[in-house]
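Here's the letter readout for the chains.
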Amino acid sequence: MAEITLVEAINQALAYEMQADPNVIVLGEDVGKNGGVFRATVGLLDRFGPERVKDTPLAESMIAGLAIGMAVRGLKPVAEFQFMGFIYPALDQIINHAARFRNRTRGRMSCPAVFRTPYGAGIHAPEHHSESTEAIFAHIPGLRVVIPSSPQRAYGLLLAAIRDPDPVIFLEPSRLYRWAKQEVPDDGKALPLDVCFTLRQGNDVTLVTWGAMLKETLEASAKLTEQGVSVEVIDVATIKPLDIDTILASVEKTGRCIIIHEAARTCGVGAEIAAEIAEKALFSLKAPIQRVAGYDTIVPYARMEKFYIPSSQRIIDAVSAVMEFA
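Residues numbered from 1 in each chain as written. Predicted model: local features only at pLDDT ≥ 70, side-chain atom pairs only at ≥ 80, totals over all residues. Heavy atoms only, no water.

Trainee: I'd like a rundown of the sheet that holds strand E11 (residues 231-235), residues and numbers included.
Mentor: Ordered by their spatial adjacency, five strands build an open sheet running E9-E11-E10-E13-E14, and the pairing between neighbours is mixed. Each of the sheet's edge strands pairs with one partner strand only, and the pair in question is strand E9 (197-200) and strand E14 (290-294). Pairs of neighbouring strands in the sheet enclose a mean axial angle of 25°, with direction left out of account. (Pairing = 2+ DSSP bridges. Helix = DSSP H or I, 4+ residues; strand = E, 2+ residues; numbered from the N terminus. Axes fitted to C-alpha atoms, helices over the stretch in contact; angles between N-to-C directions.)

Below you can see the structure in the form of structure tokens.
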């Protein structure tokens, strides 16, 4: 079996589900003829035709509204926004309508739409192409927020997102699109939503992360292991609803926790995780909870990106700090 990249896994999952379910529709800017800005939808137009793969105007609010209309009438739209910074005009539709249909109709209607967008820095693009503002969506009741960090999880989680009866924000870390390859069986098996994935077992410290920051976190954990530190690595994967039980179980074992995310530090998802640990596992802690995060600034231009994105060394330094506590 050939190994594929994360973006190829996205394409594979879309093709599988479109073949299996004629109600699945792909729409967005340049998703058809051009195959998407990152080539995530390449080949789908030729395979499934213009009735199911729809190029749209540069109108994000319209894309979201069209997807919501399709969803509440029985289709399963997968709407792509080219970059996370472009999704903001669609917030009205997503927050005021997609997130509320089940509550608004007292359960009589739902909105099975998936809103996909690349996100995060590291691709040498202007700031609107490099945003990590997942906390906006995590704050909204009625939305599920999913972030894959490997080809296998991208495939399985996207299948699960499309099959979910409620709206899903599916954030794809753009700098991981072609970072690594894995064997991904095209078997249609979805991965569970709303659960964390424990990628490394350890006893000394818990590293909690998601999305693109998994790269630096795994690099740091490898170096720490060489130094004799036993590191547990958790990929949150679904940041809303949050699988806090898996995180708490790990912290109760290790007694130390560092949360790593690329998004700005203030009001990031890391703060919510830290609060949950403080409320429910305070007496298991041997050291204060640490956050290694982006800065409270606009994402800088290409030459400064590497100073904004948390580095593996910053993670190692944070681990060294908490390991000083007995």
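Trainee: For the domain arrangement of the protein chain, give the residues involved together with the corresponding values.
Mentor: Domain parsing of the protein chain yields domain 1 (3-183) and domain 2 (197-323). Placing a centre on the C-alpha atoms of domain 1 and another on those of domain 2 gives a separation of 26 Å. The interface of domain 1 with domain 2 comprises 31 residues on the first partner and 26 residues on the second. The junction of domain 1 with domain 2 conceals about 2,300 Å² of combined surface from both sides, 58% of it contributed by carbon and sulfur atoms. For the domain 1 face of the interface with domain 2, the top three residues by lost area are Arg153, Arg175 and Trp179, together amounting to 24%. Summed over the shared surface of domain 1 and domain 2, the number is three salt bridges. (Domains from an automatic or database assignment. Contact = heavy atoms within 4.5 Å. Buried area = accessible area lost by both parts, 1.4 Å probe. Salt bridge = Lys/Arg side-chain N within 4 Å of Asp/Glu carboxyl O.)

Trainee: Help me get a handle on the sheet that holds strand E5 (residues 114-119), residues and values and all.
Mentor: Strand order across the open sheet formed by seven strands is E3-E2-E4-E5-E7-E6-E12, with mixed pairing between neighbours. Each edge of the open sheet carries a strand with a single partner, namely strand E3 (53-55) and strand E12 (238-240). Averaged over all neighbouring strand pairs, the angle between strand axes comes to 20°, with direction disregarded. Along the sheet, helix H7 (residues 151-163) makes contact with strand E2 (24-28), strand E4 (76-80), E5, strand E6 (144-146) and strand E7 (168-173), crossing E7 at roughly 160°.

Trainee: Explain the pattern of salt bridges to me, using residue names and the numbers behind them.
Mentor: Using the criterion set out here, one finds 13 salt bridges in the structure. For Lys76, the salt bridge identified is with Asp21, shortest N-O distance 3.2 Å. Separated by 55 residues along the polypeptide, Lys76 in strand E4 and Asp21 in the loop between helix H1 (6-20) and E2 bring together distant segments of the chain. For Asp21, a relative accessible area of 13% puts it in the buried group. When the shortest N-O distance is used, the salt bridge between Glu216 and Arg175 registers 2.9 Å. With Glu216 in helix H8 (residues 213-226) and Arg175 in the loop between E7 and strand E8 (182-183), this pair connects stretches of sequence that are 41 residues apart. The exposure class assigned to Glu216 is buried, which follows from its relative accessible area of 9%. By sharing partners, the salt bridges in this structure join Glu80, Arg116 and Glu172 into a single network. (Buried < 20%, exposed > 50% of the residue type's maximum accessible area, 1.4 Å probe, protein only.)

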